[in-house]
Amino acid sequence: EFARSHHLVEGETGAMAAIRAPAAEVEALAQSHGAEIGAYNSARQTVVTGSAAAVAATCQAAEKAGLTAAPLSVKQGYHSIEMEPMLPDFRTAAEAIPLSPAKLIFVSSQTGQVADDAITTVDYWVDQIRHPVRWESAAQTLAQTGCELIIEVGPRNLLSALSAQSWPDQPVDW
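A brief structural summary.

Conventions we followed
- Residues numbered from 1 in each chain as written.
- Predicted model: local features only at pLDDT ≥ 70, side-chain atom pairs only at ≥ 80, totals over all residues.
- Heavy atoms only, no water.
- Phe/Tyr/Trp six-rings, centres within 6.5 Å; stacked < 30°, edge-to-face > 60°.
- Helix = DSSP H or I, 4+ residues; strand = E, 2+ residues; numbered from the N terminus.
- Buried < 20%, exposed > 50% of the residue type's maximum accessible area, 1.4 Å probe, protein only.
- Core = buried A, V, L, I, M, F, W, Y, C linked by side-chain atoms within 4.5 Å.
- Contact = heavy atoms within 4.5 Å.
- Pairing = 2+ DSSP bridges.
- Arc of directions from axis to C-beta.

## Observations concerning the packing of aromatic side chains
Under the definition given, this model contains 3 aromatic pairs. Centre to centre, the rings of Phe106 and Trp125 are 6.4 Å apart; their planes meet at 70°, and the pair counts as edge-to-face. Of this pair, Phe106 sits in the loop between helix H4 (87–95) and helix H5 (122–130) while Trp125 sits in helix H5; the two residues are 19 residues apart in sequence, bridging distant segments of the chain. Of the residues examined, Phe106 reaches a relative accessible area of 30% and is grouped as partly exposed. Taken together, the ring pairs connect Phe106, Tyr124 and Trp125 into an aromatic cluster.

Here you go:
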């Protein structure tokens with residue numbers, strides 16, 4: 001975490017925005033304006049990421065198409081090419097951390113599936129920084145495993161709230 005945050009405080013390297021629309025619509029807009037998908041949060045929310053200019057252009061196109069776009073309060077284009085410069089430093093830091101298989105069910109937000117031994121590799125964690133978050137798929141997998149408790153670690157309960165909208169009719173504490 002130190003390697004990641006140390007590199008990121010060196011300056012603003014991008015932007016992110018949540019667009020209220022299905023992924024297929026947002027993917028087309030992002031691609032045509034030079035942005036990338038940063039997160040597949042739900043069936044109704046997709047996050048774009050990349051350079052500030054690309055994200056702004058994607059948001060303008062989305063709004064012109066009648067979609068709601070909300071910039072996120074970040075100064076980096078997480079999960080995009082904007083993260084590439086910090087990956088070697090992160091890799092070096094991660095190589096110093098002993099990694100072991102999960103002892104409990106661990107659902108990867110990178111794949112959206114129950115994690116396998118790939119999480120014991122540095123490559124997995126480097127890829128986690130560079131590639132989109134697949135929260136919608138991860139939440140579906142959590143439901144399939146019979147998960148009864150979800151703890152969201154972050155400044156707000158946004159992902160839990162999005163997941164609750166499509167959670168199957170089974171008990172869960174958020």
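## Description of the nonpolar core
As a rule of thumb, nonpolar side chains are buried together in soluble globular proteins. One finds Met86, Phe90, Ile129, Trp135, Leu142, Ile150 and Trp167 to be the most contacted residues of the largest nonpolar core, which totals 24 residues. At the level of elements, strand E1 (15–20), H4, H5 and helix H6 (135–144) are the ones that each hand at least two residues to this core. Residues within four places of Ile150 in sequence aside, it is in contact with Leu142, Ser160, Trp167, Val172, Asp173 and Trp174. Counting residues in hydrophobic clusters, the runner-up holds 18 residues, among them Leu29, Ala54, Ala61 and Ala62.

## A look at the pairing of E1
Among the 6 residues of E1, 5 are classified as buried, and the element is accordingly described as predominantly covered. Sheet topology note: the E1/strand E3 (residues 45–50) ladder contains 5 bridges and is antiparallel. Bridge pairing links Met16 to Thr49 in E3. Pairing between E1 and strand E4 (residues 68–71): 4 bridges, direction antiparallel. Residue pairing in the sheet places Ile19 in a bridge with Ala69 of E4.

## Things to note about helix H2 (residues 23–32)
What H2 keeps buried is the set Val26, Leu29 and Ala30. Angular distribution of buried residues about the axis of H2 spans 100°; they occupy a single face of the element. Exposed residues pointing more than 90 degrees away from the buried face of H2 are listed as Ala24, Gln31 and Ser32. Contact partners of the buried residues in H2: E1, strand E2 (36–42), E3 and helix H3 (52–64). A positive backbone phi angle near 80° is found at Gly34, which sits one or two residues after H2.

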